[in-house]
Amino acid sequence: MTTDALIPLLPFAAFVVIGLGDLFGRGFGSRAHWIAVPAAFGSLLFSLIAFGSVLSGGPHDLPLYTWAVSGSFRASIGIHIDALTAVMLLLVTIVSALVHLYSVGYMRGDRGYARFFAYLGLFTFSMLMLVTASNLLQLYVFWEAVGLCSYLLIAHWYERPAAAAAATKAFLVNRVGDFGFALGIFLVFRLVGSLDYDRVFAELPKHAGEVITVAGFDVQAVTLVALLLFMGAVGKSAQLPLHVWLPDAMEGPTPISALIHAATMVTAGVFMIARLIPIFSLSAAAMSVVAATGAATALFAATIALTQNDIKRVVAYSTVSQLGYMVMACGLGASTAGIFHLLTHGAFKALLFLGCGSVIHALAGEQDLRKMGGLKSRLPVTYWTFYIGALALAGIPPLAGFFSKDEILVRAFLSGGAGILFWGVGVATAFLTAFYIFRLIYAVFHGASRLDPKTAASVHESPPVMTVPLVVLAVLSVTVGWAGLPIQGLNGIEAVLGPLLSPGGSSEPVSGQASLLLPLMGISVAAALSGWMTARYFYLTRPELPERLATRAPALYRLSLNKWYFDELYDRVIVRPTRRLADRLWRTVDVHTIDEAVNGVGRETLAGARILRLIQSGQLQHYALVMMVGTFVILTVYLIVQ
Amino acid sequence: MVPLSYYVMLSTVVFLIGVVGVLIRRNIIVLLLSIELMLNAANINFVAFSHYLRNLNGQVFVFFVLTVAAAEVVVGLAIIIALYRGKATVQIENINLMKG
């Protein structure tokens, strides 16, 4: 369908128009949203149409452009929409449209207003092209493009050193992951000779037995491919040990945190694993690595979120943790459940971030939990929508997070063996999740007000342009989960995505194991409820308790507060040695070798010239004499030789 | 009849006087005169060989040389006047702008 092309092209057009207007003209200034917002909503409309036609008519392809043809190699750019892409399109366009709308209120009066909307359009375009790719090359190009947009938008307030540093950090850390991703794609091309999904999926299994020697170790080729590709996901989806950039990325404007660093870009890693699940499922070893990484990240990030005092950082670590769940699900072969959680998480995490933004907006930029409190009555809409988002995140039935998280946990349990361990980690994380998110709610909205008297006077609920997206997302946070009810015949997600994501139908439908289902569900709900109640006891009933606990176990408290010292570790092991090396190279190689060589040539030429200039007396007759003698000598030689 | 070698020797002597004049005299006007001497030494050769070889080309060439020499003296004197206006001297050792 040709309207498919409009899905990514509308935001791109908005980017071009606003960007050019800003560069060469007076620009659109505070009217930029009149272009950007309709484009985003138009994109959403066409996504809905595409979704409908995919459900009824199957996948469709729309080739847009042949980039390069060389021998048997073809690189083309096009729009490929199947069930997985269609749901991703819906997620991206819905969140993007709502964030566009929200930004009209949140970014009002900002100096970079038009620039913000231009980059927002570029990001939406890149993300849509990423999910509609039908070959690894297009995936990679737009994978990098979303990374670039993330960089540009984190550094939106580039005059703040912290924002500039965070943007650089995000870019560099992602480089590490993308390096592996690129190598993985090269290896796929080496093995298969093509980058099209269809051909890769069809032909890579034939190379299953091949072995590649890496640094003296024999590794299965497919395992190596999967692990290298997974490195990309580790970087993009902020998994251990490359998670460090995501919390820092909160320096960007809050709508960006909601769109890029919660709902869409960071989930690209999960999407990539799900998209390439035929590759990953060739290697049991790689799948175990994926699952273990996800589980470790889920638990690890949740422990950090417990003690953070910056409202956005709590939610950011929560995102890392939830991404861990999704990656774990993919690693366990339950990528349907992973994508389901991706969708529900997209709804409620965008809601939570936009809620944070609303609070920050109301408090004129304050982000410290210790300076909030008692905002419940002052910000009613924000409070109630935030509460719904928190319930959904914690996994309280019947909200969205419950169904998707439960699906993952059940799948983990049913896969047996190490799966039971992953299930245990997941339940523990669920408990921690409920605890930290309700700690956040009680610290922000309940209890006594700890506001600065100055800001307290001007606290106000956000304008409708910001609260309407909150309400829409709150409704979605309640209802999206119902698409995947764990009841035979009612599981829409399984019906739509199952055939695509469970190659060979290896994963049996969960609904078949009804006897185990209810107890497992009970345990995860109990974990969530007890987390909620613990938070309630700690922060409402006995507010002095957390303080005492922190002094009781200072080592643990500090470990969590300082994020397990990952930043310090990287600083010691990577950043500082690199800087020292660069410094050494600058002094020895650059200054002493290269500069010295260049300057030396000039200096020696000068010295030579200083000697040669002695010949130049300026006396005409000296020159004439030399000329005469020269002529005489030449003539003499000529005559003798004759 | 005077033999050819006499003319050649005369022109050699005149040419050498011109060369030495260019090399040792200090006044630019004298230098110019010395250069004219060298030209005329060449002219003597032209005429002598023209007569000896029974070929008029050499004598025709002398007219060209005389014409060019006249033009050259005009330009040369003009340059000397310009130099004199700038430097108030025609002594060659004072004109050493090219000294490195």
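Note that this is a predicted model, so its numbers are computed, not measured. (Residues numbered from 1 in each chain as written. Chains lettered and ligands numbered in written order. Predicted model: local features only at pLDDT ≥ 70, side-chain atom pairs only at ≥ 80, totals over all residues. Heavy atoms only, no water.)

Asks: Looking at this structure, I do not really get the overall build of chain A. What am I missing?
Replies: For chain A, the count of helices and strands is 26 helices and four strands. Along the first, second and third principal axes, the C-alpha set of chain A runs to 120 × 65 × 55 Å. Buried residues in chain A amount to 54% of all 642 residues. Restricting the contact set of chain A to residue pairs at least 6 apart, pairs at least 24 apart contribute 78%. Surface accessibility of chain A: about 26,800 Å² in total, with carbon and sulfur atoms responsible for 69%. Measuring between centres, the 41 positive side-chain charges of chain A sit 8 Å from its 34 negative side-chain charges. (Helix = DSSP H or I, 4+ residues; strand = E, 2+ residues; numbered from the N terminus. Buried < 20%, exposed > 50% of the residue type's maximum accessible area, 1.4 Å probe, protein only. Contact = heavy atoms within 4.5 Å. Areas by Shrake-Rupley, 256 points an atom, 1.4 Å probe, with all protein chains shown as cover. Lys, Arg positive; Asp, Glu negative; His and termini not counted. Charge placed at Lys NZ, Arg CZ, Asp CG, Glu CD.)

Asks: I would appreciate a short explanation of the overall build of chain B in the present structure.
Replies: For chain B, the count of helices and strands is three helices and zero strands. Rg of the C-alpha trace for chain B: 17 Å, well past the compact-globule value of 13 Å for 100 residues, more than 25% over. In terms of its C-alpha atoms, chain B occupies a principal-axis envelope of roughly 50 × 25 × 25 Å. Burial statistics for chain B: of 100 residues in total, 28% are counted as buried. Carbon together with sulfur atoms contributes 74% to the accessible area of chain B, which is approximately 6,800 Å² in total. (Rg over C-alpha atoms; globule rule 2.2 N^0.38 Å.)

Asks: Hey, could you run me through the packing of aromatic side chains in this one?
Replies: Residues and elements named next belong to chain A. Inspection of every chain in the model, using the stated rule, returns 30 aromatic pairs over all chains. Between Tyr197 and Phe201 the ring centres are 5.8 Å apart and the planes differ by 5 degrees, which places this aromatic pair in the stacked class. Residue Tyr197 and its partner Phe201 are both found in helix 7 (residues 197-203); the two are separated by four residues, about one turn of the helix. For Tyr197, a relative accessible area of 4% corresponds to the buried category. Take Phe201: its relative accessible area is 24%, and that puts it in the partly exposed class. Aromatic side chains Phe538 and Tyr539 sit 6.4 Å apart centroid to centroid with 50 degrees between the ring planes, which places their arrangement in the tilted category. Each member of the aromatic cluster is reached from another via a ring pair, and the members are Tyr383, Trp384, Phe386, Tyr387, Phe438, Tyr442, Phe445 and Trp532. (Phe/Tyr/Trp six-rings, centres within 6.5 Å; stacked < 30°, edge-to-face > 60°.)

Asks: Where do I start with the pairing of strand 4 (residues 217-220) of chain A in this structure?
Replies: Residues and elements named next belong to chain A. Across four bridges, the pairing between strand 3 (residues 211-214) and strand 4 is antiparallel. What sits directly across from Val214, in strand 4, is Phe217. Hairpin connection from strand 3 to strand 4: two residues lie between these consecutive antiparallel strands, with Ala215 at a positive phi of about 50 degrees. (Pairing = 2+ DSSP bridges.)

Asks: Where do I start with the interface of chain A and chain B in this structure?
Replies: A common way to state how big an interface is: give the accessible area lost once the parts meet. Contacts between the two partners involve eleven residues from chain A and, on the opposite side, 15 residues from chain B. Looking at the side of chain A facing chain B, the largest losses of area belong to A:Gln619, A:Gln621 and A:Met628, adding up to 50% of the total buried there. Counting the contacts that link chain A with chain B gives zero salt bridges. For the side of chain A that touches chain B, the residue count by class is five nonpolar, five polar and one charged. (Buried area = accessible area lost by both parts, 1.4 Å probe. Salt bridge = Lys/Arg side-chain N within 4 Å of Asp/Glu carboxyl O. Nonpolar A, V, L, I, M, F, W, Y, C, P; charged D, E, K, R; others polar.)

Asks: Whenever I open this one, unusual backbone geometry confuses me. Can you help?
Replies: Note: most residues except glycine have negative phi, and most peptide bonds are trans. Residue and element names in this part refer to chain A. With omega at 0 degrees, the peptide bond leading from Leu240 into Pro241 counts as cis. Following Pro397, the chain continues into Pro398 via a peptide bond in cis, with omega recorded as 5 degrees. Considering the arrangement of structural elements, one finds Pro398 in the loop between helix 16 (380-394) and helix 17 (400-414). In this structure, Tyr565 is a non-glycine residue whose phi angle is positive, near 60 degrees.

Asks: Looking at this structure, I do not really get a nonpolar patch on the surface. What am I missing?
Replies: A cluster of nonpolar side chains, contributed by A:Leu625, A:Val629, A:Phe632, A:Val633, A:Val637 and A:Val641, occupies part of the molecular surface with about 570 Å² of accessible area. With respect to the element layout, A:Val641 can be found in helix 26 (residues 620-641). (Patch = residues over 30% accessible without salt bridge, like charges linked within 9 Å, V, L, I, M, F, W, Y side chains within 5 Å.)

Asks: Is there a simple way to think about the packing of helix 8 (residues 221-236) of chain A against helix 13 (residues 284-305) of chain A in this case?
Replies: Two packed helices can be described by the angle between their axes and the distance between those axes. Residues and elements named next belong to chain A. At a minimum axis distance of 8 Å, the contact between helix 8 and helix 13 shows a crossing angle of 25 degrees. As far as their axial angle goes, helix 13 and helix 8 are roughly parallel. Contacts between helix 8 and helix 13 pair Thr223, Ala226, Leu227 and Phe230 from the former with Ala285, Ala286, Val289, Val290 and Thr293 from the latter. A breakdown of the residues in the contact of helix 8 with helix 13 according to their chemical character gives seven nonpolar, two polar and no charged. (Axes fitted to C-alpha atoms, helices over the stretch in contact; angles between N-to-C directions. Parallel < 35°, antiparallel > 145°, perpendicular 65-115°, else oblique.)

Asks: Honestly, helix 6 (residues 161-192) of chain A in this entry has me stumped. Any pointers?
Replies: Side chains of residues three or four places apart in an α-helix project in the same direction, reflecting 3.6 residues per turn. Residues and elements named next belong to chain A. Spanning 32 residues, helix 6 covers 46 Å between terminal C-alpha atoms, matching the ideal 46 Å at 1.5 Å per step. Approximately 30 degrees is the largest bend angle found in helix 6, and it occurs at Val176. Two residues or fewer past helix 6, Gly193 is found with a positive phi of approximately 80 degrees. (Expected span 1.5 Å × (residues − 1). Bend = angle between axes of the 7 residues up to and from the residue.)

Asks: Could you clarify how one ought to interpret the nonpolar core in this entry?
Replies: One broad rule of soluble globular proteins: the nonpolar side chains tend to lie buried together. Residues A:Phe117, A:Phe280, A:Leu375 and A:Phe438 are the most contacted members of the largest nonpolar core, which totals 206 residues. Of the residues forming this core, the biggest block, 17 residues, is contributed by helix 18 (residues 418-445) of chain A. Every residue in contact with A:Phe280, bar those within four places of it in the chain, is listed here: A:Ala226, A:Leu229, A:Phe230, A:Met272, A:Ile273, A:Met287 and A:Val290. Residues B:Ile80, B:Val90, B:Ile92 and B:Ile95 belong to the second largest nonpolar core, which totals seven residues. (Core = buried A, V, L, I, M, F, W, Y, C linked by side-chain atoms within 4.5 Å.)

Asks: Which parts of the structure should I look at to understand the environment of A:Val320?
Replies: All names here are of chain A. Its location among the elements puts Val320 in helix 14 (residues 311-331). As a C-alpha pair, Val320 and Leu10 span 310 residues in sequence and 31 Å in three-dimensional space. The residues touching Val320, leaving out its near neighbours within four places in the chain, are Ala238, Gln239, His243, Leu246, Thr297 and Ala301.

Asks: I'm lost on the pattern of salt bridges in this one. Help?
Replies: Should the charged atoms of two oppositely charged side chains come close, the side chains can pair. Residues and elements named next belong to chain A. Applying the stated criterion to the full structure yields 14 salt bridges over all chains. Salt-bridge contacts for Arg313 lead to Asp248; the nearest nitrogen and oxygen are separated by 3.4 Å. Of this pair, Arg313 sits in helix 14 while Asp248 sits in helix 9 (residues 245-248); the two residues are 65 residues apart in sequence, bridging distant segments of the chain. The buried category is assigned to Arg313, whose relative accessible area is 15%. As a salt-bridge pair, Arg576 and Asp571 come within 3.0 Å of each other at their nearest N and O atoms. Residue Arg576 is classed as partly exposed on the basis of its relative accessible area, which comes to 41%.

Asks: Looking at this model, I keep getting lost on the packing of helix 3 (residues 83-106) of chain A against helix 10 (residues 254-263) of chain A. Mind explaining?
Replies: Residues and elements named next belong to chain A. Where helix 3 meets helix 10, the axes come as close as 9 Å, and the angle between the chain directions of the two elements is 165 degrees. Regarding the angle of helix 3 to helix 10, the classification is roughly antiparallel. Crossing angle aside, the handedness with which helix 3 passes helix 10 is right-handed. When helix 3 is examined against helix 10, the residues Leu91, Val95, Ser96, Val99, Tyr102, Ser103 and Tyr106 are found in contact with a partner set consisting of Thr254, Pro255, Ala258, Leu259 and Ala263. Broken down by class, the residue content of the contact of helix 3 with helix 10 amounts to nine nonpolar, three polar and no charged. (Left-handed = near helix turned anticlockwise from the far one by under 90°.)

Asks: What is the right way to look at the confidence of the model for chain B in this model?
Replies: Per-chain confidence: chain B averages 91 in pLDDT, with 99% of residues scoring 70 or above. For this predicted complex, the interface confidence score (ipTM) comes to 0.85, while the overall pTM stands at 0.80. (pLDDT = per-residue confidence, 0-100.)

Asks: Just to check I follow, could you spell out the environment of A:Arg275 for this structure?
Replies: Residues and elements named next belong to chain A. Position of Arg275 relative to the elements: it lies in helix 11 (residues 268-275). The class of Arg275 is buried, set by a relative accessible area of 8%. A distance of 3.0 Å separates the side chain of Arg275 from the side chain of Thr85, its partner in a polar contact. (Polar contact = N/O pair within 3.5 Å; in protein donor to acceptor, adjacent residues only side chain to side chain.)

Asks: Quick question: what am I supposed to make of the side chain of A:Thr264 here?
Replies: By the secondary structure assignment, A:Thr264 is in the loop between helix 10 and helix 11. In this structure A:Thr264 comes out as buried when scored by relative accessible area, which is 0%.

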